[in-house]
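This is what each chain is made of:
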Amino acid sequence: MDRRLFIGATGAALSLPSFVHAQGKPIRLIVPFAAGGATDVTCRLIAEKAAISLGQPVLIENRPGGGGNIGVDVVAKAAPDGLTIGMAAVAMHAINPWLFKKMPYDAIKDFAPITQMVRIPNVLVMNADTAKKLNITNLKDFIAYAKVNPAKLSYASGGNGSGGHLAGEMFKTKAGLFAVHIPYNGGGPSQLAMLSGTVDFTLDNLATSGANIRAGKVLPLAVTTLKRSALLPDVPAMAEIWPGFEIDTWWGLVAPAATPKDAVARLNKAFVAALESPDIKTKFASMMAEPVPSTPEQFAELIKREFNRYEGVVKASGAKVD
């Protein structure tokens, strides 16, 4: 059988039967953050898996910037032919519309949801060496130090208006402290900044922080869900101190709004199968992320519900990015 090479989702050369090429052009999957973060890695993992059942390559294209808005806008304005899809997340579809005075896309109307991918808590983690030097072992220690040392601590996020940024501003308000926010283009760069000591802590999603927590490079101090996470049962929830404090992270896949329903259904079938595969579940678990496959209708409902919920959350936090 004639076999040809194409560049897969991780950039590696993969060998596929020639009939793959006959079935259609490559699908472009827009990730609106820099390579290396949890959102990017999870998209690459399922892209490779879904490409097999779709019978065509699924190629990752990173378009970071604007708190995720730049990449998402590319998807919104792409041809609705099923060949361009993108990552949708709480930041771009529920938070940014209330943070930015002007949005380049309509978070609800401009997209055809395909499936949710994951939903995980955010977690406050601190550079382990910094925590040891400052004698910080828990959330109480952290708050006490920050209050008597305003502006001495800094935190990184995956960008202005990201879930990590909003969680940081909410935390600062609730705790009555001040720390400097430094935005980066994605979770990967923000984690590297913390590991290098450029910043002191982050409030990013657990999938982004998981490997560094297990390696002992960062100290987890609190999760931002209403209850403790089963993945970190010994780490308190901020809601234990401030009832109702809740910021978590979810992301999934969307296509341009006018994409035909049969194309959306085909994409949903392939990506849901990828999310339900044992090897993907194992790989996601190693990142402290749980797959949450859904129907297009279920994902659409989640996006609308979160869009409405975050209006009050953003206004209460006072966070602004423009």
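The preceding data block contains the structure.
The following refers to the structure shown. Keep in mind the model is a prediction, meaning the values are calculated, not measured.

Turning our attention to the overall build of the chain. The number of helices and strands found in the chain is twelve helices and twelve strands. Here the C-alpha atoms of the chain give a radius of gyration of 20 Å, agreeing with the 20 Å that 2.2 N^0.38 yields for 322 residues. Each principal axis of the C-alpha distribution contributes one length, and for the chain these read about 70 × 40 × 30 Å. Out of the 322 residues belonging to the chain, those deemed buried represent 58%. A separation of at least 24 residues holds for 75% of the contacts in the chain among residues at least 6 apart in sequence. When the accessible area of the chain is evaluated, it comes to approximately 13400 Å², of which 57% is carbon and sulfur surface. Taken as two groups, the 33 positive and 26 negative side-chain charges of the chain have centres that lie 2 Å from each other.

Moving on, we come to the nonpolar core. Residues Leu-29, Phe-171 and Phe-271 are the most contacted members of the largest nonpolar core, which totals 89 residues. Among the elements that take part in this core, helix α2 (residues 38-54) stands out by supplying eight residues, more than any other. Once you skip the residues sitting within four places of it in the chain, Phe-171 turns out to touch Leu-124, Leu-139, Phe-142, Ile-143, Leu-177, Leu-203, Met-238, Trp-242 and Phe-245. Of all hydrophobic cores here, the second largest spans 14 residues; its members include Ala-156, Ala-193, Met-194 and Val-223.

Turning next to the packing of aromatic side chains. The full count for this structure, using the stated rule, is eight aromatic pairs. Between Trp-250 and Phe-299, the aromatic rings sit 5.9 Å apart at their centres with planes inclined by 85°, giving edge-to-face as the arrangement. One end of the pair, Trp-250, is in strand β12 (residues 248-256); the other, Phe-299, is in helix α12 (residues 296-317), with 49 residues separating them in the sequence. Here Phe-299 falls in the buried class, since its relative accessible area comes to 0%. In textbook terms, an aromatic cluster arises when at least three aromatic residues are bridged by ring pairs, as seen for Phe-142, Tyr-155, Phe-171, Phe-201, Trp-242 and Phe-245. Sitting over the face of the ring of Tyr-310, Arg-309 holds its NZ or CZ atom 4.5 Å from the ring centroid.

With respect to topology, five strands assemble into an open sheet ordered β4-β3-β5-β12-β6, the strand pairing being mixed. Whereas interior strands pair on both sides, the edge strands pair on one side only; in this sheet they are β4 (58-62) and β6 (111-121). On average, each strand axis in the sheet is inclined to that of its neighbour by 25°, with strand direction left out of account. Summarising the sheet, β6 and β12 pair through nine bridges and their orientation is antiparallel. Bridge assignment links Gln-116 to a residue of β12, and that residue is Gly-252.

Now for the sheet that holds strand β11 (residues 218-223). Consider a sheet: its strands pair through backbone hydrogen bonds, and that pairing is either parallel or antiparallel. As summarised here, the arrangement of the five strands in space is β9-β8-β10-β7-β11, forming an open sheet in which the pairing is mixed. Each having just a single partner strand, β9 (180-183) and β11 make up the two edges of the open sheet. Here helix α7 (residues 163-175) sits on the sheet in contact with β7 (123-127), β8 (154-157) and β9, set at roughly 150° to β8. Here helix α9 (residues 206-214) sits on the sheet and contacts β7, β10 (201-202) and β11; the angle it forms with β7, its principal contact strand, is near 40°.

Bringing the side chain of Asp-200 into the picture now. The residue Asp-200 is located in the loop between α8 (187-195) and β10 in this model. Buried within the structure, Asp-200 lacks any salt-bridge partner; its nearest side chain of opposite charge belongs to Lys-133, at an N-O separation of 6.8 Å. For Asp-200, the side chain forms a polar contact with the main-chain nitrogen of Ser-154, separated by 2.9 Å. Every residue in contact with Asp-200, bar those within four places of it in the chain, is listed here: Val-125, Met-126, Asn-127, Thr-130, Lys-152, Leu-153, Ser-154 and Met-194.

Even without a glycine there, the phi angle at Asn-135 is positive, about 60°. Mapped onto the fold, Asn-135 is located in the loop between α5 (128-133) and α6 (139-148). A relative accessible area of 61% places Asn-135 in the exposed class.

Reading the values: the criteria
- Residues numbered from 1 in each chain as written.
- Predicted model: local features only at pLDDT ≥ 70, side-chain atom pairs only at ≥ 80, totals over all residues.
- Heavy atoms only, no water.
- Helix = DSSP H or I, 4+ residues; strand = E, 2+ residues; numbered from the N terminus.
- Rg over C-alpha atoms; globule rule 2.2 N^0.38 Å.
- Buried < 20%, exposed > 50% of the residue type's maximum accessible area, 1.4 Å probe, protein only.
- Contact = heavy atoms within 4.5 Å.
- Areas by Shrake-Rupley, 256 points an atom, 1.4 Å probe, with all protein chains shown as cover.
- Lys, Arg positive; Asp, Glu negative; His and termini not counted.
- Charge placed at Lys NZ, Arg CZ, Asp CG, Glu CD.
- Core = buried A, V, L, I, M, F, W, Y, C linked by side-chain atoms within 4.5 Å.
- Phe/Tyr/Trp six-rings, centres within 6.5 Å; stacked < 30°, edge-to-face > 60°.
- Lys NZ or Arg CZ within 6 Å of the ring centre and 35° of its normal.
- Pairing = 2+ DSSP bridges.
- Axes fitted to C-alpha atoms, helices over the stretch in contact; angles between N-to-C directions.
- Salt bridge = Lys/Arg side-chain N within 4 Å of Asp/Glu carboxyl O.
- Polar contact = N/O pair within 3.5 Å; in protein donor to acceptor, adjacent residues only side chain to side chain.

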